[in-house]
Amino acid sequence: MRLLLCAVLLWGSLGPGAAQALAKSVAVPAGASLSLGATPIAGAAASALSVAPVMSAQTSLKTAAPLAHASVQLGRGAEPSLTLNALFSASRRAAPAAEPVGDPGTGSSDGPGLDPWSGGGSRGHELAGRAVERLRQIPHEVRVGVTIAVVIAAVLGGFYKYSSQLNEFWVMSKSAAQVEQIDEARREGDAPKLLEIAKSSHERGDRMETRIATAEKAGAKRVENRTNDSVRDAKRYLAFDRVVETRAELNHNAVTKDENTRIGKTAPDAWRARVGAEEAAAKESGFEGTLATTLRSMNAEIGAQKAKAGALEQHVDNFGKVAPTLFGGELRAQHQKGAADLQEFRTQEMAPEENLHSAANAAMRGRVGERLYSERQDYRDHRDRRDRLSKVYDQLAKPAVAVAEQVDAELRGMISARNTEAAMLTLAALHTNDAEYYTDTDGKQQVRYVDNSGPYRLAASVAASQAQAHARDANAALQRLRPMVTGLHNNRTLQDEGLVKMLPKAQGREVYDGHGLLTDWFLPPLWGIFSGLSNASSAERARTEFAPIKSALERTGAELSGRRDGETRWLDHQVDQDLESQIGRAGNRA
């Protein structure tokens, strides 16, 4: 009987073929029949199940919830006959009634055709009694497990049918025939064929795009074409056309050498040969104009490639939205092929050209900068200053800011740990004498008081250990910060730039050694607090007093970085101007 129920439910999502296979294992007495509403099930279960209607994905999903609810109610002890009625009612709501199955000669079914679960038909009552008795013997866990399996099978069956329909829609389209031609033309290196496919699919997609826009503007549900397609189907056809166009263009780009039809125009090998020859000439002559002109053209082509790759990626993504995730079939395979073609273009064409341009351009600008440094005093002054600012920022200011941020982070961690410790100690105090009620041997209720504070005290102890670790790390970081700040005070570049005044104020002795002011930086009040971080309030106080030090270091670092970047922009502008002049001379030479 369990198998019969599973067969009835699975039947709606898997179709009559799968239902027949499942029904072979159902044991129903020969000549007997059950009636499911208007659909009787004869003793030959496979014949009865074969007339079942096939449910769509939407119907399967709508049926899953009532089926699961009915089975759970059965597991909770509900009357099995009522539960069966709920199951079969869900089936009747999900599928239209089928023709009765009976004697082929008479056209009548075995019995009056009444629902045995609603009280009609003696043979139905007998079978209903057997079914109820059998269901009473099924463990609750088995019923729930069967229900889950049936619901999952119903949902998966619906998705399978939906995916099959979409894939059939794809197979019947013009696009499906063309992608086969793309794969064959790529294997044979047939660039003209690939270009022809790309052109025809592009034109077809443009026509469909126009029809869709016209229909949507008019609020129509169908587009004006020969087959009067719905707007939804038209959008699918458009996605098909665009992925064919994308794959044809990308594969054509991979096999052709014609710069007039390639997406990437000049191939990477051609760029390498051209740039290499012009770079060698520039090094020998000192004239960078020809190379600079070539690199400018190359950069424009790289920009066009990026824009084109973005548009093609959108085509692939739109096709991916049409391809079902489950049971994707040929649609999912084509989506993966489109993504692979696009990735090939990016790794085999775009990336090599971008890397070549970046390296050649940096080397060219470096050579121009070195020449300007040797020829112009103003350029030397600005670059030397840029280098000094970069050195003090990278070696002194940036590390000092990082350590200051670590000190602040450790203090925040300690504050949090101390607050946790205090909260746990409070809970421990509340649970020191918890009332516990029990019944003694005489049956009288008694009360005793127990100490349940142990877990809270343990948590408080852990938090205290964490707080102590944060305190030690904060002190250690402050120890490292002290000589860093002293070094910043004594740095000649910061003194010349007038940035020492932005640093944390030094307290202690100040001496002059003939080269400038030397300081021994220390802050006694702060050090005293750091040495006694015993609770959250002391950590808060330490963090408050440390905040100006951290802020001063951050402002100093930001100022150094800003001045360095300003010098870099000035230097880059000088190189740009020199290269523009050389590009002009290269044009005159041509």
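For the structure itself, look to the data block above.
All residue numbers refer to position in the chain's written sequence, counted from 1. The predicted nature of this model means local features are confined to residues of pLDDT at least 70 and side-chain atom pairs, given and counted, to a pLDDT of 80 or more, with totals for whole chains, interfaces and linings taken over all residues. Note: side-chain values were computed over all heavy atoms of the structure, leaving out hydrogens and water.

Visitor: Give a detailed account of the overall build of the protein, specifying residues and quantitative values.
Guide: The number of helices and strands found in the protein is 17 helices and 6 strands. Taking all contacts inside the protein whose residues are at least 6 apart in sequence as the whole, residues at least 24 apart take part in 70%. In the form shown here, the protein has an accessible surface area of approximately 30,900 Å², with 53% of it arising from carbon and sulfur atoms. Helix and strand labels come from DSSP, where a helix needs a run of H or I of at least four residues and a strand needs a run of E of at least two; each type is numbered from the N terminus. Contact criterion: two residues are considered in contact whenever any of their non-hydrogen atoms come within 4.5 Å of each other. Values of accessible area rely on a 1.4 Å probe in the Shrake-Rupley scheme; residue burial ignores everything except the protein chains shown.

Visitor: Would you mind going over the packing of aromatic side chains in detail, with residue names and values included?
Guide: Aromatic pairing here means that ring centres of Phe, Tyr or Trp (its six-membered ring) are within 6.5 Å. Orientation follows from the plane angle: under 30 degrees is stacked, over 60 is edge-to-face, and everything else is tilted. Applying the stated rule across the entire model yields 3 aromatic pairs. Plain terms: the ring middles of tyrosine 237 and phenylalanine 240 are 6.3 Å apart, the flat faces sit at 90 degrees to each other, and that makes the pair edge-to-face. One end of the pair, tyrosine 237, and the other, phenylalanine 240, are both in helix α9 (residues 231-255), 3 residues apart, so they sit about a helical turn from each other. Burial classes: relative accessible area under 20% of the type maximum marks a residue as buried, over 50% as exposed, and values in between as partly exposed (1.4 Å probe, protein chains only). Taking the relative accessible area as the measure of exposure, tyrosine 237 reaches 22% and is therefore partly exposed. Judged by centre distance (6.3 Å) and plane angle (40 degrees), the ring pair of tyrosine 379 and tryptophan 570 falls under tilted. With a gap of 191 residues between them, tyrosine 379 in helix α13 (residues 377-430) and tryptophan 570 in helix α17 (residues 536-589) connect regions that are remote in the sequence. Residue tryptophan 570 is classed as partly exposed on the basis of its relative accessible area, which comes to 25%. Counting every residue linked through ring pairs, the aromatic cluster contains Tyr237, Phe240 and Phe319. Its end group placed over the ring of tyrosine 438, arginine 448 keeps NZ or CZ at 4.4 Å from the ring centre. The ring of tyrosine 393 carries the charged tip of arginine 564 above its face, separated from the ring centre by 4.9 Å. We count a charge as sitting over a ring when the NZ of a lysine or the CZ of an arginine lies within 6 Å of the ring centre and within 35 degrees of the ring normal.

Visitor: Account for the side chain of arginine 383, naming residues and giving values.
Guide: With respect to the helices and strands, arginine 383 occurs in helix α13. Residue classification places arginine 383 among the buried residues on the basis of a relative accessible area of 15%. Those residues in contact with arginine 383 that lie beyond four places of it in its chain are Gly369, Glu370, Tyr373 and Leu571.

Visitor: Can you tell me about the pattern of salt bridges, naming the residues and giving the values?
Guide: One speaks of a salt bridge when a side-chain nitrogen belonging to Lys or Arg is within 4 Å of a carboxyl oxygen belonging to Asp or Glu. Taken as a whole and assessed by the stated rule, the structure comprises 36 salt bridges. A salt bridge links aspartate 233 to arginine 236; the shortest N-O distance between them is 3.4 Å. Taken together, the residues aspartate 233 and arginine 236, both in helix α9 and 3 residues apart, mark about one turn of the helix. Comparing aspartate 233 with arginine 236, the two get one shared label, buried. Bridged by salt links that share partners, the residues Arg385, Glu497, Glu559, Arg563 and Glu567 form one connected network.

Visitor: Break down unusual backbone geometry for me, with residues and values.
Guide: Excluding glycine, a negative phi dihedral is what most residues carry, and trans is how most peptide bonds are arranged. The backbone of asparagine 228 shows a phi angle near 50 degrees, a positive value even though the residue is not glycine. By secondary structure assignment, the location of asparagine 228 is in the loop between α8 (191-218) and α9. The exposure class assigned to asparagine 228 is partly exposed, which follows from its relative accessible area of 42%. At lysine 265, a position not held by glycine, the phi torsion is positive, near 55 degrees. Residue class for lysine 265 comes out partly exposed when judged on its relative accessible area of 37%.

Visitor: Lay out the nonpolar core with the relevant residues and their values.
Guide: Within this scheme, the nonpolar core is defined by two criteria: the residues are buried Ala, Val, Leu, Ile, Met, Phe, Trp, Tyr or Cys, and they are joined through side-chain atoms within 4.5 Å. One finds Leu481, Leu488, Leu494, Leu503, Phe546, Leu553 and Leu560 to be the most contacted residues of the largest nonpolar core, which totals 25 residues. Breaking this core down by element, the ones donating at least two residues are α13, α14 (454-490) and α17. Per-element tally for this core: the top contributor is α13, with 10 residues.

Visitor: I'd like a description of α9, backed by residues and values.
Guide: The terminal C-alpha atoms of α9 lie 36 Å apart, and with 25 residues this matches the ideal 36 Å at 1.5 Å per residue to within 8%. Summarising burial for α9: 20 of the 25 residues are buried, a large majority. One less than the number of residues in a helix, times 1.5 Å, gives the span that helix is expected to have.

Visitor: A description of the packing of helix α10 (residues 268-285) against helix α11 (residues 289-322) should follow, citing residues and the corresponding values.
Guide: Comment: axis = line fitted to C-alpha atoms, over the contacting stretch for helices; angle = value between 0 and 180 degrees taken between N-to-C directions. Packing of α10 against α11 leaves a shortest axis separation of 9 Å and a crossing angle of 155 degrees. Classed by the angle they form, the pair α10 and α11 counts as roughly antiparallel. Remark: the crossing between α10 and α11 carries left-handed chirality. Counted together, Trp271, Arg274, Val275, Glu278 and Glu279 of α10 and Thr290, Leu291, Thr294, Leu295, Ser297, Met298 and Glu301 of α11 form the full contact between these two elements. Note on residue classes: Ala, Val, Leu, Ile, Met, Phe, Trp, Tyr, Cys and Pro are nonpolar, Asp, Glu, Lys and Arg are charged, and everything else, Gly too, is polar. In terms of residue class, the contact of α10 with α11 is built from 5 nonpolar, 3 polar and 4 charged. Each angle is binned into one of four classes, with values under 35 degrees roughly parallel, values over 145 roughly antiparallel, values of 65 to 115 roughly perpendicular, and all other values oblique. The handedness criterion is simple: a crossing whose near helix is rotated anticlockwise from the far helix by less than a right angle is left-handed, and one whose near helix is rotated clockwise is right-handed.

Visitor: A description of the pairing of strand β3 (residues 434-439) should follow, citing residues and the corresponding values.
Guide: Bridge analysis of β3 against strand β4 (residues 445-450) gives 6 bridges, and the strand direction is antiparallel. Across the sheet, the residue bridging to tyrosine 438 is glutamine 446, located in β4. As consecutive antiparallel partners, β3 and β4 are separated by 5 residues, and within that stretch glycine 443 has a phi angle of approximately 85 degrees, a positive value. Strands are treated as partners if at least two bridges between them are detected by DSSP.

Visitor: Quick rundown of the side chain of asparagine 225? Include the residues and the values.
Guide: Within the secondary structure, asparagine 225 sits in the loop between α8 and α9. The exposure class of asparagine 225 is buried, given its relative accessible area of 18%. In terms of polar contacts, asparagine 225 uses its side chain to reach the backbone amide nitrogen of asparagine 228, at 2.8 Å. Any pair of N or O atoms that falls within 3.5 Å is considered a polar contact. Within protein, one atom must be able to donate a hydrogen and the other to accept it, and sequence-neighbouring residues count only if both atoms are side-chain atoms. In terms of polar contacts, asparagine 225 uses its side chain to reach the side chain of aspartate 229, at 2.8 Å. If sequence neighbours within four positions are ignored, asparagine 225 has contacts with Met208 and Arg211.

Visitor: Requested: an account of the environment of lysine 505, with residues and values cited.
Guide: Mapped onto the fold, lysine 505 is located in the loop between α15 (492-497) and β5 (510-512). The exposure class assigned to lysine 505 is exposed, which follows from its relative accessible area of 59%. Sequence separation between lysine 505 and proline 548 is 43 residues; the distance between their C-alpha atoms is 9.7 Å.

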